[in-house]
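# Analysis of the macromolecular model
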Amino acid sequence: MRVRVSRAESARSRGACEGRAPVREGVRRMRNGSRRSDGTVLLRNIARLVTLDHGDDAPRCGSAMGDLAVVDRAAVAVRAGRILEYGPERALVRRYRGAAVRDAEQALVLPGLVDPHTHPVFAANRVGDFKRRLAGATYQEIAAAGGGILSSVRAVREASDARLRRTLEAHLLRLGRHGVALAEAKSGYGLSLRDEVRMLEAIGWWNRRRADAAGIWLVPTCLAAHSVPPEYRGRRADYVELVIGSILPAVRRRHLAERADVFCEEGVFSVAESRRILTAARDLGLRLTVHADQLSALGGGALAAELGADSADHLEYADRRTIAALARAGTAAVLLPGSTFFLQMKRWAPARKMIDSGVVVALATDFNPGSSPVASPAACMTLACLHLKMTPEECVTAFTLNAAYALRMQAEFGSIRPGKRAVFSLWRAEEPAEIAYAFGDNLCEGVWWV
Ligand SMILES: [Zn+2]
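For clarity, every value in this text was computed on a predicted model and none was experimentally measured.

Moving on to the overall build of the protein chain. Scanning the protein chain from terminus to terminus reveals 17 helices and 14 strands. The proportion of buried residues among the 450 residues of the protein chain is 56%. Partitioning the intrachain contacts of the protein chain with sequence separation of at least 6 by distance along the chain shows that 73% fall at a separation of at least 24.

One can read the domain layout of the protein chain as domain 1 (7–112 + 416–449) and domain 2 (113–406). Listed as interface residues are 37 residues of domain 1 and, on the opposing side, 36 residues of domain 2. Of all the secondary structure elements, the ones that give two or more residues to the side of domain 1 that touches domain 2 are helix H1 (7–12), strand E4 (100–111), strand E13 (423–427), helix H17 (433–437) and strand E14 (444–449). Examining the composition of the side of domain 1 that touches domain 2, we find that 4 residues originate from one element, H17, more than from any other.

Another aspect to go through is the environment of Leu 110. Assignment of secondary structure puts Leu 110 in strand E4. Sequence-wise, Leu 110 and Thr 400 are 290 residues apart; in three dimensions their C-alpha atoms are separated by 8.6 Å. Here Leu 110 is in contact with Val 50, Val 396, Thr 400, Phe 424, Ser 425, Trp 427 and Pro 432, once residues within four sequence places are set aside.

Attention now moves to helix H5 (residues 149–158). One turn of an α-helix holds 3.6 residues; hence residues three or four places apart share an orientation. Of all the residues in H5, the buried ones are Ile 149, Ser 151, Ser 152, Val 153 and Val 156. The elements touched by buried residues of H5 are helix H6 (161–177) and helix H7 (193–214).

One way to put it is that H7 packs onto helix H8 (residues 236–253) with a least axis distance of 10 Å and a crossing angle of 30 degrees. As the angle between them shows, H7 and H8 are arranged roughly parallel. The handedness of the crossing between H7 and H8 comes out as right-handed. Packed against H7, whose contacting residues are Leu 193, Glu 196, Val 197 and Leu 200, the element H8 presents Ser 246, Ile 247, Ala 250 and Val 251 at the interface.

With that settled, the discussion passes to the nonpolar core. Counting residues in hydrophobic clusters, the biggest one holds 149 residues, and the most contacted among them are Ala 333, Leu 335 and Leu 363. Counting residues domain by domain, this core receives three or more from each of domain 1 (7–112 + 416–449) and domain 2 (113–406). Apart from the residues lying within four places of it in its own chain, the contact partners of Leu 363 are Leu 335, Cys 380, Met 381, Ala 384, Cys 395, Ala 398, Phe 399 and Ala 403.

What the 8 strands build is an open sheet, ordered E5-E6-E7-E8-E9-E10-E11-E12; its pairing is parallel. What marks the edges here is a single partner per strand, and that holds for strand E5 (113–115) and strand E12 (361–363). On average, adjacent strands in this sheet sit at an angle of 25 degrees to one another, irrespective of strand direction. Relative to strand E6 (residues 180–186), E5 runs parallel, the two being bridged by 3 bridges. Directly across from Val 114, in E6, lies its bridge partner Leu 182.

Interaxial distance between H6 and H7 falls to 10 Å at its minimum, and their mutual angle equals 50 degrees. One element, H6, and the other, H7, form an angle in the oblique class. Of the two elements, H6 crosses H7, and the hand of that crossing is right-handed. Contact residues: H6 offers Asp 161, Leu 164, Arg 165, Leu 168, Glu 169, Leu 172, Leu 173 and Gly 176, while H7 offers Arg 198, Met 199, Ala 202, Trp 205, Trp 206, Arg 210 and Ala 214.

All right, on to the pairing of strand E10 (residues 311–314) then. In the sheet, strand E9 (residues 287–292) pairs with E10 via 4 bridges, with the strands oriented parallel. Counted as the bridge partner of Val 290 is Ala 312 from E10. Considered for its hand, the β-α-β crossover made up of E9, helix H10 (residues 300–306) and E10 is right-handed. Across 3 bridges, E10 lies against strand E11 (residues 332–335) in parallel orientation. Within the sheet, the bridge partner assigned to Ala 312 lies in E11 and is Ala 333. Between the parallel elements E10 and E11, the chain passes through helix H11 (residues 320–329) in a crossover that is right-handed.

For the rest of this paragraph, the subject is H6. Under the 1.5 Å per step criterion, the end-to-end length of H6 is 24 Å for 17 residues, consistent within 8% with the ideal 24 Å. Within the sequence span of H6, burial applies to Leu 164, Thr 167, Leu 168, His 171, Leu 172, Leu 175 and Gly 176. For H6, the secondary structure elements touched by its buried residues are E5, H5, E6, H7 and E14. Residue Gly 179 follows H6 closely and has a positive phi angle near 100 degrees.

Positionally, Ala 77 belongs in strand E2 (residues 70–79). In sequence terms Ala 77 and Ala 100 are 23 residues apart; their C-alpha atoms lie 9.8 Å from each other. If near-sequence neighbours (up to four positions away) are discounted, Ala 77 is found in contact with Thr 40, Leu 42, Leu 84, Glu 85, Leu 92, Tyr 96 and Ala 99.

Attention now goes to the pairing of E13. Most of E13 is tucked away: 5 of the 5 residues are buried. Burial of the side chains of E13 extends over both faces: Val 423, Ser 425 and Trp 427 are buried on one face and Phe 424 and Leu 426 on the other. Taken together, the 4 bridges between E4 and E13 define a ladder with antiparallel strand orientation. Bridging from a neighbouring strand, Leu 108 pairs with Trp 427 of E13. Pairing analysis gives 5 bridges linking E13 to E14, with the strands arranged antiparallel. Within E14, the position partnered with Leu 426 by the bridge is Gly 446.

Criteria and cut-off values
- Residues numbered from 1 in each chain as written.
- Predicted model: local features only at pLDDT ≥ 70, side-chain atom pairs only at ≥ 80, totals over all residues.
- Helix = DSSP H or I, 4+ residues; strand = E, 2+ residues; numbered from the N terminus.
- Buried ≥ 20, exposed ≤ 12 C-beta atoms within 10 Å, placed from the backbone.
- Contact = placed C-beta atoms within 7 Å.
- Domains from an automatic or database assignment.
- Axes fitted to C-alpha atoms, helices over the stretch in contact; angles between N-to-C directions.
- Parallel < 35°, antiparallel > 145°, perpendicular 65-115°, else oblique.
- Left-handed = near helix turned anticlockwise from the far one by under 90°.
- Core = buried A, V, L, I, M, F, W, Y, C linked by C-beta atoms within 7 Å.
- Pairing = 2+ DSSP bridges.
- Right-handed = clockwise from strand over helix to strand, strands pointing away.
- Expected span 1.5 Å × (residues − 1).

Put into structure tokens, the structure is as follows:
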């Protein structure tokens, strides 16, 4: 799968919540995995269909974010993997007599979920870090004992390609069981040309060989600027040069990623370093996203807006000016309550201020072995309700239409609407709010590519 958005199209996406035309982009080579017929298929016996269809593919902001556009007792007609139309079941059954039928068995049906921020390529978990933290160790003590991000780097560098693929597969199947049909996937535990390329090649292998059958697709992002690797300790500037001069150009030349990301944070990459890396990536034709304002108000969110990034992610410390800049730029705020919770941070992202200011707010799991080992969007929705003060309905929009927008994939994913990919998540629930309510349970019955 390859997504290409020109600079002009990126610019057009700005002010996304001001009623301008949505971005449309092509997706290549994404075939339909589970289609059983070349003709029309009728997905029927849907107790409640959550379409998020508001007449276009634009993301939803402000008070509109809670409107899910629900149809009761519904059916969806599909042909060649695309939605033809949806509506009340009785009318569609008459119109599509003779079509092949798939029976939803009275499920609640949503679009396939979109998880716009994950780190699913890693070779070993970090349960040791978890235990040390519970025993009172500080971040520095954990790092000194061989834990932290650099332990994931060591494990990836030592793992064979086959092991990287095997563990990636296990992680993605977990996300899929929780309703995810499309996920962003970052590199960032290689931190060398060879190992960043190996991580992105594992993601490419997945999209070529396994995504169809497994029903979950990846948008690859190069996060070579995740940390400074140990061999560059004391030589940060040299590592920034390696990222700009070698890693990003090689990744671009080999079409291994669509986007680039930087961990812009005190002690990691400064705003000036992040600006250099992101500008170089943009000049290579990559789209941008930023780990921003997570542990301090450093300015990563404002930088993301300034550079027209797809999204700024984390944003626990985003201030009023950053929020206004994100709204103006049409840069999505991807909030990651799973990591805020798991790191026991006191400060949660100011989601309500963002929603009220017209920012496109999305949610993601931030699935990774250190700070957010959660593969469940539903669990993140619960946290978003309780700590970000979002409504359960806003959380559904944040994990579907707005999440697709954060990846600039909203023309294909994120709502049930004629012309879009026929990918659905089925839930054992009567109303969408039960997904966030059923804390710790997984109500998802599967993802169907019809
Ligand atoms: Zn992350």
